[in-house]
Amino acid sequence: MNTPESPADLVAAEDLLLFVNAAITATGQREFRSGAISQHLSLDFLHTYVRVNYRRVYAACLALDINDHNAARIVLGLLETAGEASTEERRAEGRLIAARLALLPPPRVYRLFGEVRRAGINNRRTRAILRDWLAARPDLGHDAVKYRSGVKTAARHVHLRCPEGPARMAEVGAFLFRPGKLPRYEHPLLDAWRRAHYEQGAVAELPFSVAEGFAARHGMKRAVFLERAAPRMTRLERLRTQEQRAVGDRRPDVDLAVMPLTRLALYVLALPFAQRAARRAELTGALRTAARRAAGGHAGSWGRVHAVLDDSFSSSGSGQKRRRPLAVALACHYLLEALAAPGAYRAVWTSGRGDALLVRPWGPTPLGMRVLDALEPGPGGAVPDRLVIVSDGWDNAPAGLAGEVLRVWRRRLDPGRRTAVVHVNPVYDSEGFDVRRLAAGVPTAGIRDAEDLPALVEIARFAEGRAGAAELHAYLDRRAARFLGAGVGAEVGDRGAVGDGRPGREAVS
């Protein structure tokens, strides 16, 4: 039972939900209806506002399923303003920062280290966090080759000791700061980089992104280079070069089923229609396998699920986020199919198409009409247990009909809330500082990757107003405790001078 809360508590809860939605969806890149500059300005304001007014909650957001762009911005903001926090807050922030850095992709972390250096953040606590992250890297020699400028910047900033001698760090130090001094390296990748300057055979031993530059320098034929480099490619690199490595009608063996669901949906949408139709069994099987893996223990537990999926023209995204909203909708389609009870799932696309594999961004957004279709009972008059709407919220055919339909449905036809309605939105509205909503009574959550859908339904519950600010803060505390309790960086970053602040997936079924 909810206890009465003050207006300040309610405002704080609304502010937090607004920031979480932005941190999940916004990346500072151009969207279909807004430019990159407005996205940056809107996001800058939100980060500053929440950090200044709700610092503890701002740090706790690192434990949520926010995107990497905003996770890095939170880390930078916390380190830059450490003097505003108490000793206990800095200690808690240090653990959250270290845990989140362990999950971020290495290129993102090295870019963050560059921003830390440019901002002049160089106290002992910051250096300890950076040093601990570098020490935890499985192979710093590999990083030195693949992310050379990033490793070099980080090593300089944290005063990383690279003494001369036979030690591992000595070779890395010589490679970064004294190139050409050693006649050869013991580390195989460092030595391959040295030999690749004059030996074509060494090019294939390097990481693919580094090897491409040497291949161009040596004038290697693209087909020959790709064949030799294939064993050292990452999964995404194999996927990106699959068509280039094809010989006639025979494609290289790439296991699509192991790809993340949303990434796989982006790959499918990038294929021509003829190829999608010809590879229907392969692509559909891979999408369903990835969806079952993402659903995990919740597979089949959501009962009867009806979905409204937006494939209007605005789902084409932008030049920087090409087809991203449509890919999220396609991935959610297969994930919801896995989450629903067997045979109890129905999807309605805004374009009226029935073939999910051949969707494309087209036409207006008649969300109101499609919501009416989705609310129709299933076989035998079965009412859906859940209605999930995946859309950017720009209901325009006619405008506002979806919100009115949902309002009347909730007030007149389903006051007992037999059907749980949730709207997930993959697009950040920079003018509204939030994702666009369909109606006040419909819980809305931002989404970037379809895999996060089960956890986002829990966040949407708070947006509906059925849980208060106290429950929201308790939820954040549980997520942070679970995040740190998983053992990822629980102690890393807590060994520095925490007192020196001077500048220098909880899911629901």
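Thresholds, definitions, all that
Here the residue numbers are simple positions, counted from 1 along each chain's written sequence. In keeping with the predicted nature of the model, local features appear solely for residues at pLDDT of at least 70, side-chain atom pairs appear and are counted solely at 80 or more, and the whole-chain, interface and lining totals rest on all residues. Side-chain numbers come from the whole structure's heavy atoms, not from hydrogens or water. Only DSSP runs of H or I covering at least 4 residues are called helices, and only runs of E covering at least 2 are called strands; the numbering of each starts at the N terminus. Relative accessibility under 20% of the residue-type maximum defines a buried residue, over 50% an exposed one, and the middle range a partly exposed one, all with a 1.4 Å probe and only protein chains included. Any pair of residues with heavy atoms lying within 4.5 Å of one another is described as a contacting pair. Only Phe, Tyr and Trp rings are paired, with Trp represented by its six-membered ring, and only when their centres lie within 6.5 Å; those with planes under 30 degrees apart are stacked, over 60 edge-to-face, the remainder tilted. Here, a charge over a ring means that NZ of Lys or CZ of Arg falls within 6 Å of the ring centre while also lying within 35 degrees of the ring normal. Just to be clear on terms, a salt bridge is a Lys or Arg side-chain nitrogen sitting within 4 Å of an Asp or Glu carboxyl oxygen. Within this scheme, the nonpolar core is defined by two criteria: the residues are buried Ala, Val, Leu, Ile, Met, Phe, Trp, Tyr or Cys, and they are joined through side-chain atoms within 4.5 Å. Here, any two strands with at least 2 DSSP bridges between them count as paired. The convention used is that axes are lines fitted to C-alpha atoms, helices contributing only their stretch in contact, and that angles between N-to-C directions extend from 0 to 180 degrees. Crossing handedness: left-handed means the near helix sits turned counterclockwise from the far one by under a right angle, and right-handed means the same turn made clockwise. The nonpolar class holds Ala, Val, Leu, Ile, Met, Phe, Trp, Tyr, Cys and Pro. Asp, Glu, Lys and Arg form the charged class, and all remaining residues, Gly among them, are polar. When the strands point away from the viewer, a crossover counts as right-handed if the route from the first strand across the helix to the second turns clockwise. Summary of the metric used: pLDDT quantifies the predictor's per-residue confidence within the range 0 to 100. Angular relationships are summarised with four words: roughly parallel below 35 degrees, roughly antiparallel beyond 145, roughly perpendicular across 65 to 115, and oblique for the angles in between.

1. So, the environment of Arg228
For Arg228, the position within the fold is in helix 13 (residues 222-229). The exposure class assigned to Arg228 is partly exposed, which follows from its relative accessible area of 42%. Along the primary structure Arg228 and Ala204 are separated by 24 residues, whereas in three dimensions their C-alpha atoms are 5.7 Å apart. Setting aside residues no more than four positions away along its own chain, Arg228 makes contact with Gln200, Ala204 and Met220.

2. Here's the deal with the packing of aromatic side chains
To describe a pair of aromatic rings, you give the distance between the ring centres and the angle between the ring planes. Within the structure shown, the criterion is met by twelve aromatic pairs. Centre to centre, the rings of Tyr110 and Phe113 are 6.1 Å apart; their planes meet at 90°, and the pair counts as edge-to-face. Of this pair, Tyr110 and Phe113 both sit in helix 6 (residues 106-118), three residues apart, roughly one helical turn. Neither Tyr110 nor Phe113 differs from the other in exposure class; each is buried. Grouped by ring-pair contacts, the aromatic residues Phe45, Tyr49, Tyr54 and Phe433 constitute a single cluster. For the cation-ring pair, Arg148 lies above Phe175, with the distance from its terminal atom to the ring centre recorded as 4.5 Å. Note that Arg386 overlies the ring of Trp302, its terminal NZ or CZ placed 4.1 Å from the centroid.

3. Focus: the pattern of salt bridges
Applying the stated criterion across every chain yields a total of 25 salt bridges. Here Arg33 ties to Asp392 by a salt bridge, and the two come within 3.5 Å at their closest N and O atoms. With Arg33 in the loop between helix 1 (7-25) and helix 2 (36-53) and Asp392 in the loop between strand 3 (386-390) and helix 20 (401-413), the pair connects residues that are 359 residues apart, well separated along the chain. What makes Arg33 partly exposed here is its relative accessible area of 38%. Under the relative-accessibility criterion, Asp392 is labelled buried at 7%. A salt bridge links Asp143 to Arg137; its shortest N-O distance comes to 2.7 Å. Asp143 gets classed as buried once you look at its relative accessible area, which sits at 0%. Where salt bridges share partners, they join Asp191, Arg194, Arg195, Glu199 and Glu205 into one cluster.

4. Points about the nonpolar core
Leu206, Phe225, Leu336 and Leu453 are the most contacted members of the largest nonpolar core, which has 132 residues in total. The element that contributes the greatest number of residues to this core is helix 18 (residues 324-339), accounting for twelve residues. Excluding residues within four positions of it along the chain, Leu453 makes contact with Trp302, Cys332, Leu335, Leu336, Val424 and Ile447. Counting residues in hydrophobic clusters, the runner-up holds 16 residues, among them Leu367, Leu387, Ala402 and Val405.

5. Observations regarding the sheet that holds strand 4 (residues 420-425)
The strand order across the open sheet built from five strands is 2-1-3-4-7, with neighbouring strands paired in parallel fashion. Unpaired on one side and paired on the other, strand 2 (345-349) and strand 7 (444-446) mark the two borders of the sheet. Between one strand axis and the next, the sheet turns by 20° as a mean value, whatever way the strands run. The sheet contact formed by strand 4 and strand 7 spans three bridges and is parallel. When the sheet's bridge partners are listed, Asn425 is paired in strand 7 with Gly446.

6. Re unusual backbone geometry
The omega torsion across Ala397 and Pro398 is -5°, close enough to zero to call that bond cis. Positive phi, close to 60°, is recorded for Arg323, a residue that is not glycine. Looking at the secondary structure, you find Arg323 in the loop between strand 1 (305-309) and helix 18. Notably, Arg417 is not glycine yet its phi reads approximately 60°, a positive angle. Within the element layout of this structure, Arg417 appears in the loop between helix 20 and strand 4.

7. A look at the packing of helix 5 (residues 87-103) against helix 22 (residues 469-485)
Following both chains from N to C, one finds helix 5 and helix 22 inclined at 65°, their axes separated by 10 Å at the closest point. Of the two elements, helix 5 crosses helix 22, and the hand of that crossing is left-handed. Where helix 5 approaches helix 22, its residues Arg95, Leu96, Ala99, Arg100 and Leu103 are matched on the opposing element by Ala480, Phe483 and Leu484. The residue makeup of the contact of helix 5 with helix 22, split by class, is six nonpolar, no polar and two charged.

8. Concerning the pairing of strand 4
Every regular strand shows the same layout, with side chains that alternate between the two sheet faces. Of all six residues in strand 4, five are buried, a share of seventy percent or more. Bridge count between strand 3 and strand 4: five bridges; the pairing is parallel. Residue Val388 lies in a different strand from strand 4, and its bridge partner there is Val422. Read as a crossover between parallel neighbours, the route from strand 3 over helix 20 to strand 4 is right-handed.

9. Some details on the confidence of the model for the protein chain
Per-residue confidence for the protein chain gives a mean pLDDT of 87; residues scoring 70 or more make up 90%. In the model, residues 487-509 has pLDDT below 50 throughout and makes 58 contacts with residues more than four positions away in sequence or in other chains.

10. Notes on the environment of Gly446
Mapped onto the fold, Gly446 is located in strand 7. For Gly446, a relative accessible area of 0% corresponds to the buried category. As for Gly446 and His306, which are separated by 140 residues in sequence, their C-alpha atoms are 19 Å apart. In contact with Gly446, other than residues within four places in its own chain, are Asn21, Ile24, Thr25, Asn425, Val435 and Leu456.

11. Looking at the packing of helix 6 against helix 9 (residues 148-157)
Their axes nearest at 9 Å, the elements helix 6 and helix 9 cross at an angle of 45°. Taken together, the axis directions place helix 6 and helix 9 in an arrangement best described as oblique. Of the two elements, helix 6 crosses helix 9, and the hand of that crossing is left-handed. Between helix 6 and helix 9, the residues in contact are Tyr110, Phe113, Gly114, Val116 and Arg117 and Gly150, Val151, Thr153, Ala154, Arg156 and His157, respectively. Tallied by class, residues from the contact of helix 6 with helix 9 come to five nonpolar, four polar and two charged.

12. Things to note about the pairing of strand 2
Relative to strand 2, strand 1 is paired through five bridges, and the arrangement is parallel. Each residue of the ladder has a partner; that of Val305, found in strand 2, is Tyr345. Between the parallel elements strand 1 and strand 2, the chain passes through helix 18 in a crossover that is right-handed.

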